[in-house]
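Structural description and commentary
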Amino acid sequence: MEYTKEQITELKDSILFKKRNVYEVLDEAEIEKMEAFCKGYVKYLDASKTEREAVNEGIALAIAKGFREYHFGDAVKAGDKLYFNNRGKELLLFIIGSENLENGIRISAAHIDSPRIDLKQHPLYEDAGMAFFKTHYYGGIKKYQWTATPLAIHGTVMKSDGTVVDIVVGEDDSDPVFYIDDLLPHLGRGQSSRPLGEAIQGEQLNILIGSRPLNTDGEIKLAIMKLLNEKYGIVEGDFMSAELSVVPAFKARDIGFDRSLIGGYGHDDRVCAYPALAAILEKEAPVHTLMAILADKEEVGSGGNTGMKCSVFIDLIASLSKTLGANEYLVRFNSKCLSADVNAAYDPNFGDVYEARNSSFINKGVVMTKYTGSGGKSGTSDASAEFVGYVRNMFDKAGIVWQTGELGKVDAGGGGTVAVYIAEKNIDVVDLGVPVLSMHAPYEVIAKADIYMAYKAFSVFCD
Ligand code: MN
Ligand code: MN
């Protein structure tokens, strides 16, 4: 039988799937809202270069919206807007819903730590007339990307008298910045012939911090320590009880003639943390109990008592359950979670590592990642067809532009998110986030349209 052109079009429209571009559905008014939302995001991103700063920023935003601090065992009632500050490095926010807690909690879980370079415990030394800090990088970085670029130092030092000083240098335009030197190409023949991953060694990621001697005899290290002592009241031994991190010194800004993209440090995963946070902050008296988790340590495996492997979030669920007379096993069993993390946006410059039919694309909306893992889905929680179907229908009904994603070609590598640590607590979970170009680079890129759809998605999930 022969089909007419019209019949074929009709068939295609009715039974074939077509990915949408967010700009197909955004009218002028929505684009204005998107721009306003992204302005808020850029502000948050610049103020949140470490997990501690992201927690402080999150608390400030939450307090402005009427949230108050929760302590284990506090009495709570429907409509209460609460936050739990886990050791200054992880933030959990929740709003008590009007329905029975046993119907489950709507949880969004993102991480607020990003790849960076940490100082060692004995960092300060001088060599060849210069002072340096020794470092140990944090998370999966391509070491060569961190050389020959302006860097800032952020962190916290606990002094021997028990007082704590916060340090941020390199963000204000009047601040100095820091630097990791690289080899000049003229002498780089040996370096250039090594594999990319070995071109810069971990022990070469030393931060240049000064060169002026204390007196004509030298003593550059002493001169730097004297400066730090005068400014922060710290002595060399205080580095042992410090968390000082080196991050890119540049600020987030629009990319492209059309300003459709945003470049910035730490989109992974603040580009998901911010929309998840914004979504819960705008809710008043929800039906479901809502929870947003902004966790630390994802980039190093989610360990520690501020990472998603820590029991704090199920302890909070247990504590709320006890207070409200709910069975916590039922609460968890009926809870639903969006694990809010980024995926790799398809990059045509490196097309060979992606499988384009199943990759996420810039401007095609928020990306749902059914499974992560590597080498045959190893390490994934792999969301069920039923849960993916539930989320899919919810988004389609609300007009959310979303896409599916897979990190890359099956055997190209892989990675994981916090989803697996939530699933093992008997909670339905699927990954949802924003596609990122140059993930884990000092300056990553996302599309405004995608973060805006992520915000709308987290918001609908809360309703
Ligand atoms: Mn991530
Ligand atoms: Mn990451």
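1. Considering the coordination of the manganese ion (ligand 2)
- Looking at the metal site, the manganese ion (ligand 2) is ligated by D268 (OD), E299 (OE), E299 (OE) and H440 (NE2), spaced 2.0 to 2.6 Å from it.
- Counting gaps between the donor residues of the manganese ion (ligand 2) yields the pattern D-x30-E-x140-H.
- Separating the manganese ion (ligand 2) from the manganese ion (ligand 1) is a gap of 3.4 Å, bridged by D268, which donates to each. Of this pair, D268 sits in helix α7 (residues 267-281) while E299 sits in the loop between β13 (289-295) and α8 (312-324), placing them 31 residues apart in sequence. The two residues D268 and E299 agree in class, both being buried.

2. Points about the sheet that holds strand β5 (residues 116-127)
- If you walk across this open sheet you meet the 6 strands as β8-β7-β10-β5-β6-β9, and the pairing is antiparallel. Each end of this open sheet is capped by a strand with a single partner; those strands are β8 (164-169) and β9 (207-210). Between one strand and the next, the sheet's axes are offset by a mean angle of 30 degrees, whatever the strand orientation.
- When strand β7 (residues 151-158) meets strand β10 (residues 242-248), the two strands line up antiparallel, connected through 7 bridges. Across the sheet, residue H154 finds its bridge partner in β10, namely S245.
- Strands β5, β6 (130-138), β8 and β9 of the sheet are contacted by helix α6 (residues 220-232), whose axis makes an angle of about 125 degrees with β5.

3. Considerations on the state of the cysteines
- Considering all chains together, one arrives at 0 disulfides under this definition.
- A disulfide-free cysteine, C337 has its sulfur positioned 11 Å from the sulfur of C462, the nearest such atom.
- Note on C337: relative accessible area 0%, which makes it buried.

4. Re the domain arrangement of the protein
- Examined at the domain level, the protein breaks down into domain 1 (17-114 + 265-462) and domain 2 (116-248).
- Between the C-alpha centres of domain 1 and domain 2 the distance comes to 33 Å.
- Contacts between domain 1 and domain 2 engage 16 residues on the former and 13 residues on the latter.
- Roughly 1,300 Å² is buried in total at the junction of domain 1 and domain 2, and carbon and sulfur atoms are behind 49% of that figure.
- On inspection of domain 1 and its partner domain 2, the count reaches 4 salt bridges.
- Salt-bridge contacts for E243 lead to K89; the nearest nitrogen and oxygen are separated by 3.0 Å.
- Counting every contact that joins domain 1 to domain 2 gives 9 residue pairs in polar contact (both at pLDDT 80 or more).
- Grouping the constituent residues of the side of domain 1 that touches domain 2 by class yields 4 nonpolar, 3 polar and 9 charged.

5. Quick word on a negative patch on the surface
- Together, E126, D127, D217 and E219 line one region of the surface with negative charge.
- For E126, the location among the structural elements is in strand β5.
- Overall, E126 belongs to the partly exposed group, its relative accessible area being 34%.

The rules behind the values
- Residues numbered from 1 in each chain as written.
- Chains lettered and ligands numbered in written order.
- Predicted model: local features only at pLDDT ≥ 70, side-chain atom pairs only at ≥ 80, totals over all residues.
- Heavy atoms only, no water.
- Donors = N, O, S within 2.8 Å, 3.2 Å for Na, K, Ca; no water.
- Helix = DSSP H or I, 4+ residues; strand = E, 2+ residues; numbered from the N terminus.
- Buried < 20%, exposed > 50% of the residue type's maximum accessible area, 1.4 Å probe, protein only.
- Pairing = 2+ DSSP bridges.
- Axes fitted to C-alpha atoms, helices over the stretch in contact; angles between N-to-C directions.
- Contact = heavy atoms within 4.5 Å.
- Disulfide = S-S within 2.5 Å.
- Domains from an automatic or database assignment.
- Buried area = accessible area lost by both parts, 1.4 Å probe.
- Salt bridge = Lys/Arg side-chain N within 4 Å of Asp/Glu carboxyl O.
- Polar contact = N/O pair within 3.5 Å; in protein donor to acceptor, adjacent residues only side chain to side chain.
- Nonpolar A, V, L, I, M, F, W, Y, C, P; charged D, E, K, R; others polar.
- Patch = residues over 30% accessible without salt bridge, like charges linked within 9 Å, V, L, I, M, F, W, Y side chains within 5 Å.
- Areas by Shrake-Rupley, 256 points an atom, 1.4 Å probe, with all protein chains shown as cover.
- Lys, Arg positive; Asp, Glu negative; His and termini not counted.
- Charge placed at Lys NZ, Arg CZ, Asp CG, Glu CD.

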